[in-house]
Amino acid sequence: MSLTRRQVSAAALGLPLALAVTGTARAATGRPRPRTLHIAGDSTAAPKDADAAPETGWGTALPFLLRPGLEVANHAVNGRSAKSFADEGRLDAILAAVRPGDLLLIQFAHNDQKATDPARYTEPWTTYREYLRLYVDGARAHGARPVLATPVERRRFDAGGAAVPSHGDYPAAMRALARREGAALLDIQALSLALWQELGAEETKKYFNWTATEQDNTHFNPPGAIAVARLVARELLRTRVLAPRDVRRLDEVIPESWITWPDGGTTARPAARTG
């Protein structure tokens, strides 16, 4: 089943998904089929096993901010770039599972920056955008809506205490692609940089995977994952990808105890409390 030209145009204009795909995501009973939000990304979003705790990807916290019935399928994997994720067949696997009316949220750049690794490196204005276009075109070809998300910022401060961007031209290249393709854009890079600046160098340690044995300025602990997931949910609402009825708890405290780390081998679908 594919979208009509009118529905594609509506989606490109940023109308809520429910308006853009009315009548396309219905089960055989005639009732609307529950939608799924698929995440393609790297370790900052990915689910973690128990041996990685307290490291937490923001994709694990996102279900707590979405209404019951809007499923999150977190396909993000540690260490992947837009290139390596696709080259390994992971994008194809997502597209095989996508159904009309679903969302495909795409966040890459952390590992695209690794210029010494040809399996992962992409150049911002050429190969990075070419690979991102594979995700955008693939989602649309399957009747799903692509949503581009600029990469969440690392914890990096200069000597004066100012939060410093770390992703070079990749966020700007993604923004330009979103404009050119008429795709929804969640500017998580800008929002997270502003949040880290507001919190400051010391307070941000409480949001990243800082432990007695590790000082990790890239990956999050439960409070950090929840904070970034909140940015994502608010952007999904602001950009009208989701309607107000699709989100919840945007201003409520999410208990850290809701975050769980399953035993090894189950990270494709992390446990998530949705009640």
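Look a little higher up for the structure.
Residues numbered from 1 in each chain as written. Predicted model: local features only at pLDDT ≥ 70, side-chain atom pairs only at ≥ 80, totals over all residues. Heavy atoms only, no water.

A description of the pattern of salt bridges should follow, citing residues and the corresponding values.
Inspection of the entire model under this criterion finds 13 salt bridges. When salt bridges that share partners are traced, they join R35, R67 and D246 into one network. (Salt bridge = Lys/Arg side-chain N within 4 Å of Asp/Glu carboxyl O.)

Go over helix α5 (residues 90-97) with me, naming the residues and quoting the values.
Taken residue by residue, α5 has L91, I94 and L95 as its buried positions. Along the axis of α5, the buried positions cluster into a sector of 95°, meaning they face one direction only. Opposite the buried face of α5, at more than 90 degrees from it, the exposed residues are D92 and A96. (Buried < 20%, exposed > 50% of the residue type's maximum accessible area, 1.4 Å probe, protein only. Helix = DSSP H or I, 4+ residues; strand = E, 2+ residues; numbered from the N terminus. Arc of directions from axis to C-beta.)

Break down the nonpolar core for me, citing the residues and quoting the values.
Formed by 45 residues in total, the largest nonpolar core has its most connected members in W58, L62 and W196. Elements supplying a minimum of two residues to this core: β1 (36-41), α3 (58-61), β3 (103-107), β4 (145-149), β5 (184-186), α8 (188-203) and α9 (222-238). Tallying contributions element by element places α9 first for this core, with nine residues. Apart from residues no more than four positions distant in its own chain, L62 is found in contact with L37, I39, V72, A229, V232 and A233. One finds V77, L95, V98 and V136 within the second-largest nonpolar core, a separate group that totals 28 residues. (Core = buried A, V, L, I, M, F, W, Y, C linked by side-chain atoms within 4.5 Å. Contact = heavy atoms within 4.5 Å.)

Let's hear about the packing of aromatic side chains: which residues, and what values?
Here the structure, examined in full by the defined rule, presents nine aromatic pairs. Seen in terms of ring centroids, F108 and Y135 are 5.5 Å apart; in terms of plane orientation they differ by 50°. Their pairing is tilted. With F108 in the loop between β3 and α6 (124-141) and Y135 in helix α6, the pair connects residues that are 27 residues apart, well separated along the chain. On the accessibility criterion, Y135 (0% relative accessible area) is buried. Consider the rings of F208 and F220, whose centres lie 5.1 Å apart with planes at 50°: the pair is tilted. One end of the pair, F208, is in strand β6 (residues 208-210); the other, F220, is in strand β7 (residues 215-220), with twelve residues separating them in the sequence. A connected cluster of aromatic rings, assembled from ring pairs, spans W196, Y207, F208 and F220. (Phe/Tyr/Trp six-rings, centres within 6.5 Å; stacked < 30°, edge-to-face > 60°.)

Run through the side chain of S81, naming residues and quoting values.
Of note, S81 is situated in the loop between β2 (71-74) and α4 (82-87). Here the side chain of S81 touches R120 through a polar contact of 2.8 Å, landing on its backbone oxygen. Filtering out sequence-adjacent residues up to four positions away, S81 remains in contact with F108, N111, D112, A119, R120 and Y135. (Polar contact = N/O pair within 3.5 Å; in protein donor to acceptor, adjacent residues only side chain to side chain.)

Lay out the environment of I188 in plain terms, naming residues and giving numbers.
Residue position: I188 is located in helix α8. Exposure remark for I188: the relative accessible area of 1% places this residue in the buried category. Separated by 81 residues in the primary sequence, I188 and Q107 have C-alpha atoms spaced 9.2 Å apart. Those residues in contact with I188, other than ones at most four positions away along the chain, are A149, T150, P151, V152, V228, L231, V232 and E235.

Don't take any of this as a statement about function, it's just geometry.
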